[in-house]
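Residue-level structure breakdown
In case you want the letters, here they are:
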Amino acid sequence: MPSSPSEPDKGIDLQIGQQTRPHMRQLTLQCAAVFSVLSLAWPYFGFRGEELPWPETALAIGAVALLIAILTRQPWWWWLIHALFAPLAWGISALSIDPGWFLLAFILLLLVYRGALSGQIPLYLSNNDTAAALAQLMPTRPGMRFIDLGAGIGSVVLPLAKAQPETQFTGVENAPATWLAGYFRTAGLANCKWRWGDIWRVNLAGYDVVYAFLSPAPMPALWEKIQGEMRPGSLFISNSFAIPGVAASSVVEIDDARHTRLYCYQR
Ligand SMILES: C[S@@+](CC[C@H](N)C(=O)[O-])C[C@H]1O[C@@H](n2cnc3c(N)ncnc32)[C@H](O)[C@@H]1O
């Protein structure tokens, strides 16, 4: 779960690697709990000649992980994850499911949620109301070029490309399953390019409107890229995530269930 733009990651006083990437930080925390419990429990039960009681050990790991998560001031949802991880892992292992199923589930998740792992950008989709609002925001001159950075399954470029045949639309996506879905959905639209690629490798100079629906994590770096590449007169629109410390030229509030906000930055 991403933190909100106004609520940056609170930081870690005990320094579980403030510079490390968040998922590595959480992995380190969980490993610290595992090692601290096992380093006591193994010798204790070993000297007594008894088998390690795994259910209790898993609960103890969960309790220690929760304690470390609280002490190091991780966001609250990590408290839950750390507290439950080891007990649940033990519980699931007791079901004796073939490990191949876990590998398969992991691969399927990676095919869809690659962005969450590599750049803290998960998949969630813009809705039709947002696409309609974007259509209103787009300048109407012919030959306009629009790009969706991290285009998902084409929820934005598909309806816009159908509605505005004079405009050139590009969607860039790097999660295999979503890219494939978008590829088939946009195939046949002459004014829509569906590209496999990394948003950080796209030169934004060639676009009049750049749209992104990402997460709070990449916004500062994305703003640097925008400033370096987007031409004067072009428009950057961010769904839901404002650029920290930069006043938007305008903010469009959409009357949908999630009260979507589009932050517009005129270059
Ligand atoms: C929140 S979704 C938005 C999808 C789409 N733009 C929409 O509004 O419906 C973000 C998308 O960005 C993709 N993504 C994340 N990091 C990326 C990267 N470095 N390069 C290309 N796509 C990326 C994710 O796979 C995901 O599909």
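I will try to describe carefully the structure that is included in this document. Within every chain, residues take consecutive numbers counted from 1 along the sequence as written. With the structure being a predicted model, the display of local features is reserved for residues of pLDDT at least 70 and the display and counting of side-chain atom pairs for 80 or more, all residues being used for whole-chain, interface and lining totals. Note that water and hydrogens are dropped before the side-chain values are worked out from all heavy atoms of the structure.

Side note on the packing of helix α2 (residues 54–71) against helix α3 (residues 76–93)
Here, axes are lines fitted to C-alpha atoms. For helices the fit covers the stretch in contact, and angles between N-to-C directions go from 0 to 180 degrees. Helix numbers and strand numbers start at the N terminus; a helix is a DSSP run of H or I with at least 4 residues, a strand a run of E with at least 2. Running from N to C, α2 and α3 point in directions that differ by 165 degrees, and their axes come no closer than 7 Å. Our classification of the angle between α2 and α3 gives roughly antiparallel. The crossing of α2 and α3 is right-handed. Contact with α2, carried on its side by Trp-54, Pro-55, Ala-58, Leu-59, Ile-61, Gly-62, Ala-65, Leu-66, Ala-69 and Ile-70, involves Trp-79, His-82, Ala-83, Ala-86, Pro-87 and Trp-90 of α3 and no other residues of that element. Any residue outside Ala, Val, Leu, Ile, Met, Phe, Trp, Tyr, Cys, Pro, Asp, Glu, Lys and Arg is labelled polar, Gly included; the first ten of those are nonpolar and the last four are charged. For the contact of α2 with α3, the residue count by class is 14 nonpolar, two polar and no charged. We call two directions roughly parallel when the angle between them is under 35 degrees, roughly antiparallel when it is over 145, roughly perpendicular when it lies between 65 and 115, and oblique otherwise. By definition, turning the near helix anticlockwise from the far helix through less than a right angle yields a left-handed crossing, and turning it clockwise yields a right-handed one. The contact rule is simple, with two residues in contact once any of their heavy atoms fall within 4.5 Å.

Quick look at the site of the ligand
We call a residue near a molecule or strand whenever a single non-hydrogen atom of that residue lies within 4 Å of it. Taken together, 21 residues sit near the ligand, with Ser-126, Asp-148, Gly-150, Glu-173 and Asp-198 positioned nearest. Contacts to the ligand include Glu-173, whose side-chain N or O atom sits 2.6 Å from an oxygen atom. Side-chain atoms alone can form a polar contact between residues adjacent in sequence; in general such a contact is a pair of N or O atoms within 3.5 Å, and within protein one must be able to donate a hydrogen while the other accepts it. Interatomic distance of 3.0 Å between a backbone N/O atom of Ile-199 and a nitrogen atom of the ligand. To be clear on the numbers: accessible area is Shrake-Rupley with a 1.4 Å probe, and residue cover counts the displayed protein chains and nothing else. For the ligand, the protein covers 98% of the area, taking 590 Å² as the surface of the free molecule. Classifying every residue of the shell around the ligand gives eleven nonpolar, seven polar and three charged.

Things to note about the pattern of salt bridges
Only one rule defines a salt bridge in this text: a Lys or Arg side-chain nitrogen within 4 Å of an Asp or Glu carboxyl oxygen. Under the definition given, this model contains five salt bridges. Asp-208 is the salt-bridge partner of Arg-231, the closest N and O atoms lying 3.6 Å from each other. Of this pair, Arg-231 sits in the loop between α8 (219–229) and β5 (235–239) while Asp-208 sits in the loop between β3 (192–196) and β4 (209–212); the two residues are 23 residues apart in sequence, bridging distant segments of the chain. Only protein chains enter the accessibility calculation, which uses a 1.4 Å probe; a residue is then buried when its area is under 20% of its type maximum, exposed when over 50%, and partly exposed in between. Residue class for Asp-208 comes out buried when judged on its relative accessible area of 11%. Two residues, Lys-225 and Glu-229, come together in a salt bridge whose shortest N-O distance is 3.1 Å. Of the two residues, Lys-225 and Glu-229 both sit in helix α8, four residues apart, roughly one turn of that helix. A relative accessible area of 10% means that Lys-225 is categorised as buried. Judged by its relative accessible area of 25%, Glu-229 is partly exposed.

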